[in-house]
Amino acid sequence: EAGVAQSPRYKIIEKRQSVAFWCNPISGHATLYWYQQILGQGPKLLIQFQNNGVVDDSQLPKDRFSAERLKGVDSTLKIQPAKLEDSAVYLCASSPMGRGMYNEQFFGPGTRLTVL
Amino acid sequence: AQRVTQPEKLLSVFKGAPVELKCNYSYSGSPELFWYVQYSRQRLQLLLRHISRESIKGFTADLNKGETSFHLKKPFAQEEDSAMYYCALGYGGSQGNLIFGKGTKLSVKP
């Protein structure tokens, strides 16, 4: 089966600019995650969707980050305006089931963001 | 608060030597522990989970609740085991969220 797709793979912007990332999960996967991975750190959850509803966005900096998952399939993550500390790899992951199970998460290749 | 600690940033061993990647966790609930691996130029992927009690690619990990540890072990390292290894803790009850450690880079020398 096709894996999680993300685009773009790389993005370089200047601080205060805006940027958007796109994720297409594995077909049929109900749960979608966005993670931020800063160099030298493990992935940190930003937001979790169950179908098109938000389950957990407690670690999402809502003053500048936003995310949506229209129709419960694709998702976009936006940063507006970007700060230097937003430089990181943004990972999208999906898993096949909803609440109740710690299912395997399948990760995309990530988008490497550099903010200058 | 929940936390995952991987004390070693880098672990270097020779081929055929035993490997142990350390992971300690802090969590007040019933833990679900995982090991994820990222090989060079590949995606992050699940290696094993404690609940399955399985051996994947020769790796095993035992959950020790008394020591709050979930160390990853392999008796004889292979060069293809070289990768970044992340320990992860499932939290949040039924939501299935994960908190990751900072990772350990395993380098297996020929």
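Residues numbered from 1 in each chain as written. Chains lettered and ligands numbered in written order. Predicted model: local features only at pLDDT ≥ 70, side-chain atom pairs only at ≥ 80, totals over all residues. Heavy atoms only, no water.

Describing the pattern of salt bridges
Residue and element names in this part refer to chain B.
- This model, assessed by the stated rule, comprises five salt bridges over all chains.
- One salt bridge in this structure joins Lys 22 and Glu 20, with 3.1 Å as the shortest N-O distance.
- You can call Glu 20 partly exposed: its relative accessible area is 30%.
- For Glu 20, the salt bridge goes to Lys 73, with nearest N and O atoms at 3.7 Å. Of this pair, Glu 20 sits in strand E3 (residues 19-21) while Lys 73 sits in strand E8 (residues 72-74), and the two are 53 residues apart along the sequence.
- Beyond isolated ion pairs, a larger network of salt bridges with shared partners links Glu 20, Lys 22 and Lys 73. (Salt bridge = Lys/Arg side-chain N within 4 Å of Asp/Glu carboxyl O. Buried < 20%, exposed > 50% of the residue type's maximum accessible area, 1.4 Å probe, protein only. Helix = DSSP H or I, 4+ residues; strand = E, 2+ residues; numbered from the N terminus.)

Looking at unusual backbone geometry
- Geometrically, the link from Ser 7 of chain A to Pro 8 of chain A is a cis peptide bond, its omega value of -10 degrees lying close to zero.
- Here Pro 8 of chain A shows up in the loop between strand E1 (5-7) and strand E2 (10-13).
- The amide bond that connects Gln 80 of chain A to the next residue, Pro 81 of chain A, takes the cis arrangement and shows omega of -5 degrees.
- Positive phi outside glycine occurs at Lys 71 of chain A, with the angle close to 65 degrees.
- Here Lys 71 of chain A lies in the loop between strand E7 (65-68) and strand E8 (75-79).
- With a phi angle near 45 degrees, Thr 68 of chain B is a residue other than glycine that sits in the positive phi range.
- Relative to the elements of secondary structure, Thr 68 of chain B occurs in the loop between strand E7 (60-61) and E8.
- The exposure class assigned to Thr 68 of chain B is partly exposed, which follows from its relative accessible area of 29%.

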